Amino acid sequence: MVDIFIWLISFFILIALVVLLIYQLTCLADLEFDYINPYDSSSRINKVVLPEFFLQGFLCLFYLLTGHWVMSLLCTPYLYYNVTLYTSKQHLVDVTEIFNLLQREKNQRYYKLAYLVVLLFLSLFWIIFSSLEYEDD
């Protein structure tokens, strides 16, 4: 029963990460179609970058502490990428360069979104598997 709650917590954390990425992609799309100015777009994106990094790091640590080694190993490339961005000071969107890097920023977030969707489906699989296993006991 505890395993089901662990997978549910990880599922909701993954949902929160997906929502943060979709919000960032929406801000970039609004900027691309000239609905908002570059300053507003970059400030909105920069407000959610660190919570995204924190949530992803917490998720990787959560998997590690609960003994789900495979999921923890699957989260480490994304964690490594985020740590690399943060240490090289490239995690924030620069308001003066946002138009030059718009496609790169969108592609970066699309890759992150695809990666998280795969983790989300794996988490959903483990929720279903754990609940069926709990019913058999």
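Here the structure is a predicted model, which means the values were calculated and not measured.

Student: Mind showing me how you'd approach the overall build of the protein here?
Tutor: Looking only at helices and strands, one finds four helices and zero strands in the protein. For the protein, the α and β elements follow one another from N to C terminus as α-α-α-α. C-alpha extents for the protein along the principal axes are approximately 60 × 30 × 20 Å. Pairs at least 24 residues apart make up 79% of the contacts formed inside the protein by residues separated by at least 6 positions.

Student: How do you make sense of helix 3 (residues 69-87) when you look at a structure like this?
Tutor: What sets the pattern is the α-helix's 3.6 residues per turn: residues three or four places apart point alike. For helix 3, built from 19 residues, the straight-helix expectation of 27 Å at 1.5 Å per residue is met to within 8% by its first-to-last C-alpha distance of 26 Å. The largest bend in helix 3 amounts to roughly 35° and is located at Thr76, with the proline Pro77 lying one to four residues further along. Every buried residue of helix 3 is listed here: Met71, Ser72, Cys75, Tyr78, Asn82 and Leu85. Note on helix 3: the residue one or two positions beyond its end, Lys89, has a positive phi of about 60°.

Student: What exactly am I supposed to notice about the packing of aromatic side chains here?
Tutor: Each aromatic ring pair is specified by the distance between its two centres and by the angle formed by the two planes. Scanning the model with the defined rule gives nine aromatic pairs in all. When the ring of Phe125 is compared with that of Trp126, the centres are 5.2 Å apart and the planes differ by 70°; the resulting orientation is edge-to-face.

Student: Sorry, what's going on with the environment of Asn46 here?
Tutor: Turning to its location among the elements, Asn46 is positioned in helix 2 (residues 38-66). Given a relative accessible area of 22%, Asn46 falls into the partly exposed group. For the pair Asn46 and Leu65, spaced 19 residues apart in the sequence, the C-alpha separation amounts to 29 Å. Sequence-distant contacts of Asn46, that is, excluding residues within four places in its chain, are made with Leu92 and Val93. Engagement of the side chain of Asn46 in a polar contact is seen with the backbone nitrogen of Val93, the distance being 2.7 Å.

Student: What's the story with empty space enclosed by the protein in this structure? I'm lost.
Tutor: Summary: where empty space remains is shown by rolling a probe the size of a single water molecule over the atoms. Scanning the entire structure with this criterion turns up one cavity of 30 Å³ or more. In this model, the largest cavity occupies a volume close to 50 Å³. Mapped by element, the contributors of at least two residues to the lining of the largest cavity are helix 2 and helix 4 (102-136). Partitioned by chemical class, the residues of the lining of the largest cavity number three nonpolar, four polar and four charged.

Student: Explanation requested: the state of the cysteines in the structure shown.
Tutor: Chemically, a disulfide is nothing more than a covalent bond linking the sulfur atoms of two cysteines. Applying the stated rule across the entire model yields zero disulfides. Take Cys75: it sits in no disulfide, and the sulfur closest to it among the cysteines is that of Cys60, at 5.2 Å. We classify Cys75 as buried; its relative accessible area is 0%.

Student: Would you mind going over the pattern of salt bridges with me for this structure?
Tutor: In a structure, side chains of opposite charge can pair up when their charged atoms sit close to one another. Considering all chains together, one arrives at four salt bridges under this definition. Two residues, Glu32 and Lys106, come together in a salt bridge whose shortest N-O distance is 2.5 Å. Here Lys106 lies in helix 4 and Glu32 lies in helix 1 (residues 2-32), a separation of 74 residues in the sequence. The shortest N-O distance in the salt bridge between Lys112 and Glu52 comes to 3.2 Å.

Reading the values: rules and limits
Residues numbered from 1 in each chain as written. Predicted model: local features only at pLDDT ≥ 70, side-chain atom pairs only at ≥ 80, totals over all residues. Heavy atoms only, no water. Helix = DSSP H or I, 4+ residues; strand = E, 2+ residues; numbered from the N terminus. Contact = heavy atoms within 4.5 Å. Expected span 1.5 Å × (residues − 1). Bend = angle between axes of the 7 residues up to and from the residue. Buried < 20%, exposed > 50% of the residue type's maximum accessible area, 1.4 Å probe, protein only. Phe/Tyr/Trp six-rings, centres within 6.5 Å; stacked < 30°, edge-to-face > 60°. Polar contact = N/O pair within 3.5 Å; in protein donor to acceptor, adjacent residues only side chain to side chain. 1 Å grid on protein atoms, 1.4 Å probe; cavity = no way out; pocket = protein on both sides within 12 Å on 5 of 7 lines; lining within 4 Å. Points joined across faces, edges and corners; volume = space filled by probe spheres on them. Nonpolar A, V, L, I, M, F, W, Y, C, P; charged D, E, K, R; others polar. Disulfide = S-S within 2.5 Å. Salt bridge = Lys/Arg side-chain N within 4 Å of Asp/Glu carboxyl O.

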